[in-house]
Amino acid sequence: MLSYRHAFHAGNHADVLKHVVLMQILAYMQQKEKPFLYVDTHAGAGLYDLRGDWACKTHEYESGIARLWCNTELPEILQNYLQAVQNLNAPGSLDIYPGSPWLAHEMLRPQDKARLFELHSNEFNILSDNFSSTKNIKCEQGDGFKALTAILPPESRRAVVLIDPPYEIKTDYQTVVQAVKAAYKRFATGIYMIWYPVINRRVIDQLEQELADSGMRNIVQFELSVTADATASGMTGSGMIVLNPPWQLEQSMKACLPWLQKQLALDETAAYRVSTIVEE
Ligand SMILES: C[S@@+](CC[C@H](N)C(=O)[O-])C[C@H]1O[C@@H](n2cnc3c(N)ncnc32)[C@H](O)[C@@H]1O
């Protein structure tokens, strides 16, 4: 029985990195009038109560979003992300954290569309309630890995895809590569984002190698570790791998990652990296 519930982790350092990259990419998509499709293969519930039992059990958001929340020296690049969090909360009170579907909803224009997939019924019910009155967002209960290929390419030929599995099933590390390869075959110009946790470095090295050998091009990686790798200590960091990144993304991440590292560090071994897995 799989037990992953994102409410335990909402707003942690990994969500911050993932959502900062997502918001930057969506901001770049808005620079052209032409509509785009946003796809979230593993959508979660969409909104999370930070005062609820689950978030309060782990307090993960306290070493994530809470460290940025009141910071007055926020880099310009992070403003749209923080603004989206602030829009949900009363001034000075951090009670609700937006998941990726909600952040995307903040960035969609009337001409854009979103398809959100969630496998588990509890999460799916909350997700579809959260978007019940939003016409251009479609929530679907099902396996996002399997659904992805069938919905590509989009009519507008512009799409951003977030693949954010819980990695409870160890084969998810391989499934993620297979899913992107299949999607890329149908639609090679889409922007694909793969989130991963740093728990066991060897697994991440293997993921990078599989992508490097995949034949797909133009793949970059942004990683933020809040402490040094330590296989026995759970998640010490996380990363976002982006295929076909907007050309400005690498520069803007290089500008904000040192600041994020400083804010989110658990100790002096915190680090970030920006790597090219495959050149353009
Ligand atoms: C890490 S959470 C998603 C968080 C969300 N993307 C965000 O950033 O706010 C992963 C979600 O994927 C769901 N899930 C697990 N396997 C899935 C699958 N094969 N297809 C779709 N959803 C799945 C889990 O129930 C969980 O809600």
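How each quantity is defined
Residues numbered from 1 in each chain as written. Predicted model: local features only at pLDDT ≥ 70, side-chain atom pairs only at ≥ 80, totals over all residues. Helix = DSSP H or I, 4+ residues; strand = E, 2+ residues; numbered from the N terminus. Rg over C-alpha atoms; globule rule 2.2 N^0.38 Å. Buried ≥ 20, exposed ≤ 12 C-beta atoms within 10 Å, placed from the backbone. Contact = placed C-beta atoms within 7 Å. Pairing = 2+ DSSP bridges. Near = placed C-beta within 6 Å. Nonpolar A, V, L, I, M, F, W, Y, C, P; charged D, E, K, R; others polar. Axes fitted to C-alpha atoms, helices over the stretch in contact; angles between N-to-C directions. Core = buried A, V, L, I, M, F, W, Y, C linked by C-beta atoms within 7 Å. Expected span 1.5 Å × (residues − 1). Parallel < 35°, antiparallel > 145°, perpendicular 65-115°, else oblique. Left-handed = near helix turned anticlockwise from the far one by under 90°.

A few words on the overall build of the protein chain. When you go through the protein chain residue by residue, the secondary structure sums to 10 helices and 10 strands. Relative to the 2.2 N^0.38 estimate, which gives 19 Å for 280 residues, the radius of gyration of the protein chain is 17 Å and therefore close to what a compact globule would have. Principal-axis analysis of the C-alpha atoms places the extent of the protein chain at approximately 45 × 40 × 40 Å. Here the protein chain, with 280 residues, has 44% of them falling under the buried criterion. For the protein chain, restricting intrachain contacts to residue pairs at least 6 apart in sequence, the fraction spanning at least 24 positions comes to 78%.

The alternating pattern of strand β1 (residues 37-40) places Leu37 and Val39 on one face and Tyr38 and Asp40 on the opposite face, and all of these are buried. With 4 bridges connecting them, β1 and strand β4 (residues 113-118) associate as parallel partners. Along β4, the bridge assignment pairs leucine 37 with lysine 113. As judged from the 4 bridges shared by β1 and strand β6 (residues 159-163), these two strands associate in the parallel manner. The residue bridging tyrosine 38 from the neighbouring strand is valine 160, located in β6.

Time to look at the site of the ligand. Not every one of the 21 residues close to the ligand is listed here, only the nearest: His42, Gly44, Gly99, Ser100 and Leu119. For the shell around the ligand, the secondary structure elements donating two or more residues are β4 and α7 (144-150). Residue composition of the shell around the ligand, grouped by class: 7 nonpolar, 8 polar and 6 charged.

The next thing to look at is the sheet that holds strand β8 (residues 219-225). Taken together, 8 strands build an open sheet; the order of strands is β5-β4-β1-β6-β7-β9-β8-β10 and the sheet is mixed. Edge strands, defined here as strands with exactly one partner in the open sheet, are β5 (137-141) and β10 (271-278). Averaged over all neighbouring strand pairs, the angle between strand axes comes to 15 degrees, with direction disregarded. Judged from the 7 bridges that link them, β8 and β10 form a sheet pairing that is antiparallel. Following the sheet pairing, glutamine 221 is matched in β10 by serine 275.

As a further point, take the nonpolar core. Grouped together as the largest cluster of nonpolar side chains are 86 residues, with contacts concentrated most on Val21, Val161, Val180 and Met193. Here this core gets 10 residues from one element, more than from any other, and that element is helix α1 (residues 13-29). Ignoring any residue separated from it by four or fewer positions in sequence, one finds valine 180 in contact with Ile163, Tyr192, Ile194 and Leu243.

Our next topic: α1. It helps to recall that an α-helix has 3.6 residues per turn; residues three or four apart then point in one direction. For α1, with 17 residues, the first-to-last C-alpha span of 25 Å sits near the 24 Å given by 1.5 Å per residue. Burial analysis of α1 places 15 of its 17 residues in the buried class, the great majority of the element.

Next up on the list: the pairing of β8. Regular strands place side chains that alternate from one sheet face to the opposite one. With 6 of 7 residues buried, β8 is to be regarded as a mostly interior element. Of the pairings in the sheet, the one linking β8 to strand β9 (residues 237-243) comprises 7 bridges and is antiparallel in character. The residue bridging serine 225 from the neighbouring strand is glycine 237, located in β9.

This part is about the environment of leucine 260. When you line up the elements, leucine 260 lands in helix α10 (residues 249-264). Ignoring anything within four residues of it in the chain, the contact list for leucine 260 reads Val16, Leu17 and Leu224.

With that out of the way, let us pick up unusual backbone geometry. Of note, the bond from leucine 152 into proline 153 is cis; its omega dihedral lies within 30 degrees of zero at -5 degrees. Checked against the element boundaries, proline 153 lands in the loop between α7 and β6. Positive phi, close to 60 degrees, is recorded for arginine 157, a residue that is not glycine.

Before going further, it helps to examine the packing of α1 against helix α5 (residues 100-107). Axis angle and axis distance: for two packed helices, these are the angle between their axes and the distance between the axes, and together they describe the pair. Following both chains from N to C, one finds α1 and α5 inclined at 25 degrees, their axes separated by 10 Å at the closest point. The angle between the axes of α1 and α5 places the two elements in the roughly parallel class. Once α1 is placed against α5, the crossing between them reads as right-handed. Where α1 approaches α5, its residues His19, Leu22, Met23, Leu26 and Ala27 are matched on the opposing element by Ser100, Leu103, Ala104 and Met107. Residues belonging to the contact of α1 with α5 are distributed by class as follows: 7 nonpolar, 2 polar and no charged.

Bringing the environment of leucine 22 into the picture now. Locating leucine 22 in the fold gives a position in helix α1. Residue leucine 22 is classed as buried on the basis of its 24 C-beta neighbours within 10 Å. Each C-alpha atom of the pair leucine 22 and valine 161 lies 9.6 Å from the other, and the pair is 139 residues apart in sequence. Once you skip the residues sitting within four places of it in the chain, leucine 22 turns out to touch Ser100, Leu103, Leu162 and Met193.

Geometry only, nothing functional implied.
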